[in-house]
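# Structural overview for review
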Amino acid sequence: MPATVVDSAIFGNIFSTETMRRVWSDENRTRKYLDVEAALARVQGRLGLIPAEAAEEIVRHCDIGQIDMDKLRQQTERIGYPVLGVVSQLTALCRDGLGEYCHWGATTQDITDTATVLQMREAFELIEADLAAISAALAGLARRYRDTPMAGRSNLQQAVPVSFGYKMAGLLSAIERHRERLAQLKPRALVGEFAGAAGTLASLEKGAMETQEGLMRELGLAQPVIAWHTIRDNIAEVGCFLGLVGGTLGKLSMDVKLLMQTEVGEVFEPFAHGRGSSSTMPQKRNPISSCYIHAAISVVRQHAAALMDAMVADHERSTGPWEIEWIVLPEAFCLIAGALRQSRALVEGLEVDEARMRANLDASQGLVLAEAAKMALAPRLGAPQAHALVEAASRTALAQRRPLQAVLGEDAQAAAALKPDALAAAVEIRIHRKTRRGEQGEIAISFGSLDELNGLLEKLGATDA
């Protein structure tokens with residue numbers, strides 16, 4: 001009976017996905033053991049290291065349907081590792097003692113590590129698809145709302161105007177880096193293992209390196225430069241990658257949670273009847289996806305740390321650190337799959353309240369443009385004096401609940417430095433796009449440089465700018 005949220009019949013598709021669970025299931029793991037054993041037999045048969053008849057017989061029985069999974073459980077509990085149980089069942093299935101050539105020259109960790117790499121390859125494909133979909137959705141949001149002003153916030157306070165499109169483009173840039181990281185990670189992570197008991201392949205007097213090369217070619221994996229039985233930076237890097245992806249998804253969920261607050265109300269998770277409801281408060285619409293994302297990625301980050309801990313292995317074959325990977329790597333992948341699924345649904349159906357964004361900007365009565373006023377006055381008064389003047393005016397405007405522009409207009413120094421129309425222009429929200437190709441001219445509303453946003457959208461083909 002399932003005992004964790006990943007495998008739960010109730011929570012499983014909230015915190016993970018069926019496809020990712022299938023990748024890390026007992027059945028798929030065992031299937032991958034069989035794939036490696038079959039490939040090894042084919043290669044060694046071709047090389048003449050084992051009889052061709054034996055290779056054919058072994059391959060014929062490398063079928064998950066022929067493995068007694070309950071017996072394998074019992075064997076694993078007794079032996080401590082599942083690979084030997086698989087090999088013993090294969091040996092028994094083969095006729096005329098030909099199964100004795102199964103696993104020829106290999107060690108348990110060779111099969112286990114290579115099977116894990118094959119599982120990671122399948123898992124990477126699922127992650128790639130979700131990252132691509134999230135990227136496309138964020139690009140659409142960045143394009144659609146690139147000229148929609150909202151308050152940029154610092155320490156949870158309104159700071160200066162930004163655009164909602166700019167905010168989404170920042171997240172988009174991170175997702176694009178994760179896609180690039182994954183492409184760069186694959187050649188380092190998708191490397192098989194065939195090195196024998198202590199990594200020297202001493203078990204094969206001849207044809208050792210030819211077997212290794214042929215096996216990896218057969219499986220579509222890279223050939224290792226040297227044995228990595230206890231050199232685990234490749235697996236730890238995968239964990240760190242998952243942690244980085246989770247960090248960005250967590251940033252997304254954190255901002256959505258904050259923007260969904262009643263007092264803010266600028267964006268909302270996609271609506272579905274009853275989703276986010278309270279058992280007692282009918283008006284509630286809780287940020288459900290964001291909560292699940294936050295929880296899942298927090299655990300993934302801890303798993304990344306555990307995988308780095310597993311790097312501290314003893315000698316040529318370890319006593320415990322390797323097993324850490326068995327515990328946390330599958331769960332890290334399953335949890336990040338759930339977080340990606342929730343994030344994808346969130347950004348693909350995000351509800352944006354542009355009017356509320358503008359109303360929240362206007363609620364400060366111009367205080368959000370204090371920096372702009374300071375920068376307009378600084379060339380005439382000097383930066384320190386301009387800062388002090390606008391700071392004092394801001395306190396007055398806040399205390400008297402009056403517009404900052406009106407308070408500044410009554411200040412003698414400010415009036416002497418800037419004419420009323422210049423002061424009004426300084427504290428007006430305007431959009432002035434800038435790109436590496438040059439300024440694009442004013443559009444209704446703006447602030448500062450949108451260089452990063454436009455450059456990224458152009459790269460992704462998401463804008464005609």
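Notes on the structure follow. Computed from a predicted model, the values in this text were never measured in an experiment.

To continue, consider the nonpolar core. With 96 residues, the main nonpolar core has Met120, Ile127, Leu249 and Phe333 as its most contacted residues. The element contributing the most residues to this core is helix H7 (residues 108–144), with 15 residues. With near-sequence residues (within four places) excluded, Leu249 lies in contact with Ile134, Ile175, Ile293, Ile297, Ile336, Ala339, Leu340 and Ser343. One finds Ala373, Ala376, Val390 and Leu408 within the second-largest nonpolar core, a separate group that totals 24 residues.

Look at helix H3 (residues 26–47) against helix H9 (residues 208–219): their axes get within 9 Å of each other, and the N-to-C directions meet at 130°. Judged by the inter-axis angle, H3 sits oblique to H9. The handedness of the crossing between H3 and H9 is right-handed. Between H3 and H9, the residues in contact are Asp35, Val36, Ala39, Leu40, Arg42, Val43, Gln44, Arg46 and Leu47 and Glu210, Thr211, Gly214, Leu215, Glu218 and Leu219, respectively.

Unusually for a residue other than glycine, Asn155 sits at a positive phi of about 55°. Inspection of the secondary structure puts Asn155 in the loop between strand E1 (149–154) and strand E2 (157–163). Within the chain, Leu201 stands out as a residue other than glycine whose phi angle is a positive 55°. Relative to the elements of secondary structure, Leu201 occurs in the loop between helix H8 (164–189) and H9.

Definitions and limits used
Residues numbered from 1 in each chain as written. Predicted model: local features only at pLDDT ≥ 70, side-chain atom pairs only at ≥ 80, totals over all residues. Heavy atoms only, no water. Core = buried A, V, L, I, M, F, W, Y, C linked by side-chain atoms within 4.5 Å. Buried < 20%, exposed > 50% of the residue type's maximum accessible area, 1.4 Å probe, protein only. Helix = DSSP H or I, 4+ residues; strand = E, 2+ residues; numbered from the N terminus. Contact = heavy atoms within 4.5 Å. Axes fitted to C-alpha atoms, helices over the stretch in contact; angles between N-to-C directions. Parallel < 35°, antiparallel > 145°, perpendicular 65-115°, else oblique. Left-handed = near helix turned anticlockwise from the far one by under 90°.

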